[in-house]
Amino acid sequence: MTIQSDEPRPWGPAQTRALRERLRSADMVWDLVVVGAGITGAGVARDAAMRGLSVLVIERRDVAFGTSSRSTRLVHGGVRYLEQGDVGLVYEALRERSRLYAAAPHLVRPARFLFPAFVGDRLGPWKLRIGLTLYDALNFHRGQVHEYLTPEAAGLAEPMLRSEGLRGAVAYEDAVTDDARLTLAILTDARRHGAEVLTYAGVTRLAGRALDHEIKLDDGTGARARAVLVAAGPWSSPTLLGQAAEGLMSLSKGIHIVMRAQDVGVRQPIVIQAPKQRRILFVVPWGMRTYLGTTDAPYVGDPGSSGVAETEELELLELVARVLPGANLRADRVVSAWSGVRPLVRAAAAPGSDTVELSRKHRIVEGDDGVLAIIGGKLTTYRSMAEEAVDIVVKRLVAGGRTRPGPCITHLRALVPGDPPGCDELADAVLADLIPRHGPAARWLTRAGAEKCTRLVEDLPYRWCEVDHAIAYEGVQHAIDILRRRLPLVLTDARLGGAVVAEVARRLVDAHGGSQADIDEEIERYREEVSTETRRPVSVTSS
Ligand SMILES: Cc1cc2nc3c(=O)[nH]c(=O)nc-3n(C[C@H](O)[C@H](O)[C@H](O)COP(=O)(O)OP(=O)(O)OC[C@H]3O[C@@H](n4cnc5c(N)ncnc54)[C@H](O)[C@@H]3O)c2cc1C
C-alpha cells in the first residue's frame, strides 16, 4: 500500500462496519492474523504490514485494554535487570529506547532519574555506581553518562529526600511515555500501511493447520489466514494455544496510585529500593500529578479485572514514605489508581518462583496446529520482539509458496509522519496541549477550529477535538475507551470523567447511531470499568 500524505487513515464507525461486513461475506485469506492489540500485537502488525503482508488484528476489547495501558509508563533499559544478569536484555532495551526517541519524540521523553541509597539498602552507592557504569557502556548509542551525587548534592537535587541515613545517589537518564497512546500510535501506523484492526471481537477458537488457519470470533463470524500469531499477553491460554500454553507463563500483578503534585512534589523521577527484596519502585512526576508504583506479586484470576486492593495502596504509601517523609502520603489523598498483570515467561528451572525474580524476556512458541505466540517482554522492546516474530512468519509463508515480502524497516521510520512542530506551533495554546499526545498529527485536530478545541476540564490539557478525533480516526467503540486510553483523564483523577462522560457518550452515539438507552449504557459501562480498576466510586453528572 502506498501512502500519499500525512493525513490519518479514518477509523470510525463506517470503517468498522465495512470491515465486519467484509469478514461476513468475503472469503479473503490474510497472510497474517494477529490476536491481541496490546503493544506486542500492534508492533507485529506494523512490521508485517510494512513488509507488504496482508494483516488483520483482532482484539477482544479496546486497543491497549490489557497490560499495555497499565504499566509504569517507562521506556527504559531496566537498571534492575543488570542485577539479575540480564545484560543482553538491557542492551536491547537501551538500543530500542534510542530508536523510540527518534521514532516518537512526542511520546517518549527523556528524564533524569534519581536513584538514592540509604543506610541498610541492598544497593549502596558503590554498587549503584558500578551498575550505572555498565548501563552507560551498554548505552553507547546515546553517549549519556550517569552522575554520582554526594548526600548533600542529592538533597539539593531533590529536597524531599529523607536526609537521615542518605549515603548518596546516582542520576541517570531513562524515558517516560504514555503506554496506551504509544500502542495506538504503532497500530495507527500499521493501519496506514494497510493493516486492518477489528476491536471488541474476541477470538474463541483457532482451527485448521499451518498455512490454512481458521479463526472463529465470538459473534459467529471468522477469518482465514496463512499464519496466526497470538499476542494475547496474560490471556495466552490453552483455548488459544492448546497444550503449548501449559506452564508457559506466570502472572504477576502490579498496581500504581496517583497523587496530586502538591502532595508529592518531586522534581524528577525517583527510584526507591524495597527492603528485603530485589525490587525497585518509582515515583514519577506527571504534570499536575505524581504517580507511585509498582508492586509485584503473583496473580491468579482474570487479568482484565485485577483491580487495586486497599492493602496494596497502603504498602506503596508506606514504602514511599520511608524515602519522602515530607510528602503528604495519606490514603485519602490518592486521586486515582491502576492495576496491571505481567505475562512473565516462566523459568523452567524455577517453577512457582517469586515473580520479582522472573526475567522480563520474551518467548516465541508454537502452539497446536502451527499457531505462533509471543509472550513476555516489555513495552520498550516491542519493536525488536516484533521483528523476530515476523521473521519467523515470513520464513513459513515463503516456505509455503508466498512471494518473499520486503525486509523489516520498522527501525527506520517515524511512528507519526509529518514535520516536527515548530517554535510558533509550540507557542499556540491548543497545539501545546495536543502535541504531547499526537505529535505532528496535532495539526489535523486543530483544523476543526478553536471553538471545537476547548478543554474538557479547565486545568487539564485534554480537548474536545481529541474526543471527536478519537471517534473518527482512533477506532473507539465506547466512552471509556476515550476517557481511559485515548486521553488519560481517568488516571489523572478517577472522579473527573464523571462530569464529561455523558457528553462523550452522546457524541459517540451520534456517530455510531443509537438512542438515549445507548448513552445510558455507555455511562454504566464507564462507571463499572472505572470503579473496578481504580477502587474509587464514580459519580456521573449531566453536562
Ligand atoms: C505493573 C506493570 C508495570 C510495567 N512497567 C513497564 C515499564 O515501565 N516499561 C516497560 O517497558 N514495560 C513495562 N511493563 C511490561 C509491559 O507493560 C508488557 O510487557 C506489555 O504491555 C505487554 O503487552 P502485550 O501486548 O504482550 O499484552 P497486553 O497489553 O495485555 O495485550 C494483550 C491483548 O490481547 C487481547 N486479547 C486477549 N485474549 C484475546 C482473544 N481471545 N481475542 C482477541 N484479543 C484478545 C487483550 O484484550 C489485550 O488487549 C509493565 C507491566 C506491568 C504489569
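Whatever comes next refers back to the structure up there.
Figured I'd write up the structure that's included with this text. From a predicted model like this one, the values you see are computed outputs, not experimental measurements.

## Considering the overall build of the protein
Right, on to step 1. Within the protein one finds 18 helices and 18 strands.
Right, on to step 2. Against the 2.2 N^0.38 benchmark of 24 Å for 543 residues, the protein shows a C-alpha radius of gyration of 23 Å, consistent with a compact globule.
Right, on to step 3. For the protein, the C-alpha atoms occupy an extent of roughly 70 × 55 × 45 Å along the three principal directions.
Right, on to step 4. Taking contacts inside the protein between residues at least 6 apart in sequence as the whole, the part at least 24 apart equals 73%.
Right, on to step 5. Counting 69 positive and 69 negative side-chain charges, the protein places the centres of these two groups 3 Å from one another.

## Description of the pattern of salt bridges
Right, on to step 1. Counted according to the given criterion, the structure contains 51 salt bridges.
Right, on to step 2. For Asp219, the salt bridge is made with Arg20, and the minimal N-O distance between the two is 2.9 Å. Here the residue Asp219 occupies a position in the loop between strand 9 (212–217) and strand 10 (222–230), and Arg20 occupies one in helix 1 (residues 13–25), the gap between them amounting to 199 residues.
Right, on to step 3. Judged by relative accessible area, Arg20 falls into the partly exposed class, the value being 22%.
Right, on to step 4. Each of Arg95, Glu96, Arg99, Arg383 and Glu387 takes part in a single network of salt bridges with overlapping partners.

## Quick look at the packing of helix 12 (residues 429–438) against helix 14 (residues 464–473)
Right, on to step 1. The interhelical angle for the contact between helix 12 and helix 14, taken along N-to-C directions, is 35°, at an axis separation of 11 Å. In this structure, helix 12 contributes Leu434, Arg437 and His438 to the contact, and helix 14 contributes Cys465, Glu466 and His469.
Right, on to step 2. Looking at the contact of helix 12 with helix 14 residue by residue, the classes come out as two nonpolar, two polar and two charged.

## A word on the packing of helix 15 (residues 479–486) against helix 17 (residues 501–512)
Right, on to step 1. Direction vectors running N to C along helix 15 and helix 17 enclose 120°, while the axes themselves pass 8 Å from each other. Relative to helix 17, the element helix 15 lies oblique. Packed against helix 15, whose contacting residues are Ala479, Ile482 and Leu483, the element helix 17 presents Val501, Val504, Ala505 and Leu508 at the interface.
Right, on to step 2. When grouped by side-chain class, the residues that make up the contact of helix 15 with helix 17 number seven nonpolar, no polar and no charged.

## A few points about the pairing of strand 2 (residues 55–58)
Right, on to step 1. Neither face of strand 2 is open: one carries Val55 and Val57, the other Leu56 and Ile58, and all of them are buried.
Right, on to step 2. Relative to strand 2, strand 1 (residues 29–35) runs parallel, the two being bridged by four bridges. Note that in strand 2 the partner of Leu32 across the bridge is Val55.
Right, on to step 3. The handedness of the strand 1 to strand 2 crossover, carried by helix 2 (residues 39–50), is right-handed.
Right, on to step 4. For strand 2 and strand 7 (residues 196–198), the ladder comprises three bridges, and the chain directions are parallel. Note that in strand 7 the partner of Ile58 across the bridge is Leu198.

## Digging into helix 5 (residues 125–138)
Right, on to step 1. Under the 1.5 Å per step criterion, the end-to-end length of helix 5 is 20 Å for 14 residues, consistent within 8% with the ideal 20 Å.
Right, on to step 2. Residues of helix 5 that are buried: Pro125, Leu128, Gly131, Leu132, Tyr135, Asp136 and Leu138. End-on, the buried residues of helix 5 take up no more than an arc of 160°, which puts them together on one face. In helix 5, the exposed positions that point more than 90 degrees away from the buried face belong to Trp126, Lys127 and Ile130.

## Examining the site of the ligand
Right, on to step 1. Lining the immediate surroundings of the ligand are 37 residues, of which Thr40, Glu59, Ser68, Leu74 and Thr380 lie closest.
Right, on to step 2. Within the backbone of Gly377, a nitrogen or oxygen atom sits 3.1 Å from an oxygen atom of the ligand.
Right, on to step 3. One of the backbone N or O atoms of Leu379 is found 3.0 Å from an oxygen atom in the ligand.
Right, on to step 4. In the complex, the protein chains occlude 97% of the 1,000 Å² of accessible area that the ligand would expose alone.
Right, on to step 5. Every element with two or more residues in the shell around the ligand is listed here: helix 2, strand 11 (249–260) and strand 16 (334–345).
Right, on to step 6. For the shell around the ligand, the element with the highest residue contribution is strand 16, accounting for three residues.
Right, on to step 7. Counting only domains with at least three residues in the shell around the ligand, you end up with domain 1 (13–67 + 180–248 + 358–412) and domain 2 (108–176 + 249–349).

Criteria and thresholds
Residues numbered from 1 in each chain as written. Predicted model: local features only at pLDDT ≥ 70, side-chain atom pairs only at ≥ 80, totals over all residues. Heavy atoms only, no water. Helix = DSSP H or I, 4+ residues; strand = E, 2+ residues; numbered from the N terminus. Rg over C-alpha atoms; globule rule 2.2 N^0.38 Å. Contact = heavy atoms within 4.5 Å. Lys, Arg positive; Asp, Glu negative; His and termini not counted. Charge placed at Lys NZ, Arg CZ, Asp CG, Glu CD. Salt bridge = Lys/Arg side-chain N within 4 Å of Asp/Glu carboxyl O. Buried < 20%, exposed > 50% of the residue type's maximum accessible area, 1.4 Å probe, protein only. Axes fitted to C-alpha atoms, helices over the stretch in contact; angles between N-to-C directions. Nonpolar A, V, L, I, M, F, W, Y, C, P; charged D, E, K, R; others polar. Parallel < 35°, antiparallel > 145°, perpendicular 65-115°, else oblique. Pairing = 2+ DSSP bridges. Right-handed = clockwise from strand over helix to strand, strands pointing away. Expected span 1.5 Å × (residues − 1). Arc of directions from axis to C-beta. Near = heavy atom within 4 Å. Polar contact = N/O pair within 3.5 Å; in protein donor to acceptor, adjacent residues only side chain to side chain. Areas by Shrake-Rupley, 256 points an atom, 1.4 Å probe, with all protein chains shown as cover. Domains from an automatic or database assignment.

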